[in-house]
Amino acid sequence: MSTQGPLSGIRVLELGNYIAAPTTGRLLADFGAEVIKVERPGTGDELRSWRLFRGETSMLWRTMNRNKKCITLDLRSDEGRAIALDLVRRSDVVIENFRPGTLEKWGLGPDQLTEARPDLVLVRVSAYGQTGPYRDRPGFGAVAEAIGGLRLLTGDPDRPPARVGISIGDTVAGLYATIGVLMSLLRRERGEHQPGKVVDVALYEAVFSMMESLLPDYEAYGVLRERTGGRMEGLAPTNTYRCRDDKWVVIAGNGDAIYRRLMTVLDRTDLRDDPGLATNPGRWQRRDELDAAISAWTGDREIDEVLRLLDEAGVPAGPIYDAADISKDPHFLARGMLRRREVRDGDEDFGPVAFPGVVPRLGSEPEEIRWLGPELGAHNDEVLGSLLGLDENARRELHEKQVI
């Protein structure tokens, strides 16, 4: 299948694993870049076995590494290093998320990479960044979510800090790395490229950047924010409410005009017209009272009626979905967010499986998923043969030496 998209003609060498750097590679590949992902010979990226419920390769791998060409290469060997540098010479971007100093130890540090390709865009994703006193500490996204401030605010106030059910710290870091790639490519296009200038993305900083006014609130007011469960600190009413059929709905009635419409739907004109509840500070002080009123109303109705009445009144609300709900939702389908592909994994045929569509949409139609995350070393012959010119005998010898 031919490569289309605004990044067509850009070649990216992905040396990362797990979630963070591969998120960047996936986004770039989604929009047409040729992304060559390098994995360890024999074992590959550990993501292949994460959330592996059946078969040999997880759907997480298929999702995170779609539209990429996957090769195997031992970067620690002299021959593997030489091949990597040969690929760098033919690439526009290198992205990696090893612990700082790892590439330098292998002879693939910034100096060697930019010597091979002077106008290279180099993106480095790590737990704490390439500088600073924590530089050499190991860390995953979960740790970054803790130190960046997110974990303390996640969960109910009377329970231990919780985590979001996805690798949010890694994903956000991958988004920032993507922005870094695009800005660097733009500067290069303008002739402003600065050799040796690395895009340095730290997981904890990516998380910290999402924390809104967490730090200024402390510095200015002495406020240490705490967990508020389904609420948002300082905003009311906005929470999760149970309906009569034991389904849950999120209602966001915290805008002043929206609040009045919500109380009208609830037939609580006493709360709607109370001057002490006209603005958000007053509503936050009486949040328990408001949540009790809303819970009583939703508890008398099934979720479909709740959603219909709130929609008619212009009050933002939505059901809490699980994967089964998403898989049959007509809006997801209409927007191209459910992309079903045939999946065969080893001897097992899963049939058509829905995968998330490409975000953002550029124009009237979203980009297509050209292929799912491929098998280990699936593109060795294409990349090493067609791109680097290594003949079949050379590739066989490298395979026997476990270089590829």
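Here the structure is shown first, and the text comes after it.
Caption draft 1: A look at the layout of surface pockets. Of the volumes computed, that of the largest pocket is approximately 1100 Å³. As for the largest pocket, its lining consists of 30 residues, of which Arg26, Thr63, Ile166, Phe355 and Pro356 are closest to the centre. Looking at the lining of the largest pocket, the elements with two or more residues in it are α1 (20-30), α2 (59-64), α7 (168-189), α15 (323-327) and β11 (348-356). Of the residues assigned to the lining of the largest pocket, the class counts are 19 nonpolar, seven polar and four charged. Here the second largest pocket defines a volume of roughly 670 Å³. Going through the elements one at a time, β2 (34-39), β5 (121-126) and α6 (141-147) are the ones with two or more residues in the lining of the second largest pocket.

Caption draft 2: Representation of the sheet that holds strand β1 (residues 11-14). Spatial strand order, β3-β2-β1-β4-β5-β6: six strands in an open sheet with parallel pairing. Of all strands in the sheet, those bounded by a partner on one side alone are β3 (68-72) and β6 (199-202). On average, each strand axis in the sheet is inclined to that of its neighbour by 20 degrees, with strand direction left out of account. Bridge count between β5 and β6: four bridges; the pairing is parallel. Within β6, the position partnered with Arg124 by the bridge is Asp200.

Caption draft 3: Spotlight on the pattern of salt bridges. Here the structure, examined in full by the defined rule, presents 42 salt bridges. The partner of Glu34 in a salt bridge is Arg11, with the nearest N and O atoms 2.8 Å apart. In this pair, Glu34 sits in strand β2 while Arg11 sits in strand β1, placing the two residues 23 residues apart along the sequence. A salt bridge links Arg231 to Asp288, with the nearest nitrogen and oxygen atoms 2.6 Å apart. Of this pair, Arg231 sits in the loop between α9 (214-221) and β7 (238-242) while Asp288 sits in helix α13 (residues 287-299); the two residues are 57 residues apart in sequence, bridging distant segments of the chain. Take Asp288: its relative accessible area is 55%, and that puts it in the exposed class. Connected via shared salt-bridge partners are Arg11, Glu34, Lys69 and Glu382.

Caption draft 4: Structural context of the sheet that holds β7. Here we have three strands laid out as an open sheet, ordered β7-β8-β9, and antiparallel in their pairing. Two strands lie at the open edges of the sheet, namely β7 and β9 (317-319), each paired on one side alone. Between one strand and the next, the sheet's axes are offset by a mean angle of 20 degrees, whatever the strand orientation. Taken together, the three bridges between strand β8 (residues 248-252) and β9 define a ladder with antiparallel strand orientation. Considered in β9, the bridge of Val249 is made with Pro319. Across the sheet, α13 lies against β7 and β8, angled at about 35 degrees from β7, the strand it touches most.

Caption draft 5: Representation of unusual backbone geometry within the structure. Residues Ala236 and Pro237 are joined by a peptide bond in cis, for which omega reads -5 degrees. Cis geometry is adopted by the peptide bond preceding Pro360, which originates at Val359 and carries an omega value of 0 degrees. Examined against the element boundaries, Pro360 turns out to sit in the loop between β11 and α17 (380-387). Even without a glycine there, the phi angle at Gln402 is positive, about 65 degrees. Relative to the helices and strands, Gln402 resides in the segment after α18 (392-400).

Caption draft 6: The environment of Asp274, seen in detail. By secondary structure assignment, the location of Asp274 is in the loop between α11 (269-272) and α12 (280-285). Considering only alpha carbons, one finds Asp274 and Ser184, 90 residues apart in sequence, at a separation of 54 Å. Within the structure, Asp274 has its side chain in polar contact with the backbone nitrogen of Gly276 (distance 2.8 Å).

Definitions and limits used
Residues numbered from 1 in each chain as written. Predicted model: local features only at pLDDT ≥ 70, side-chain atom pairs only at ≥ 80, totals over all residues. Heavy atoms only, no water. 1 Å grid on protein atoms, 1.4 Å probe; cavity = no way out; pocket = protein on both sides within 12 Å on 5 of 7 lines; lining within 4 Å. Points joined across faces, edges and corners; volume = space filled by probe spheres on them. Helix = DSSP H or I, 4+ residues; strand = E, 2+ residues; numbered from the N terminus. Nonpolar A, V, L, I, M, F, W, Y, C, P; charged D, E, K, R; others polar. Pairing = 2+ DSSP bridges. Axes fitted to C-alpha atoms, helices over the stretch in contact; angles between N-to-C directions. Salt bridge = Lys/Arg side-chain N within 4 Å of Asp/Glu carboxyl O. Buried < 20%, exposed > 50% of the residue type's maximum accessible area, 1.4 Å probe, protein only. Contact = heavy atoms within 4.5 Å. Polar contact = N/O pair within 3.5 Å; in protein donor to acceptor, adjacent residues only side chain to side chain.

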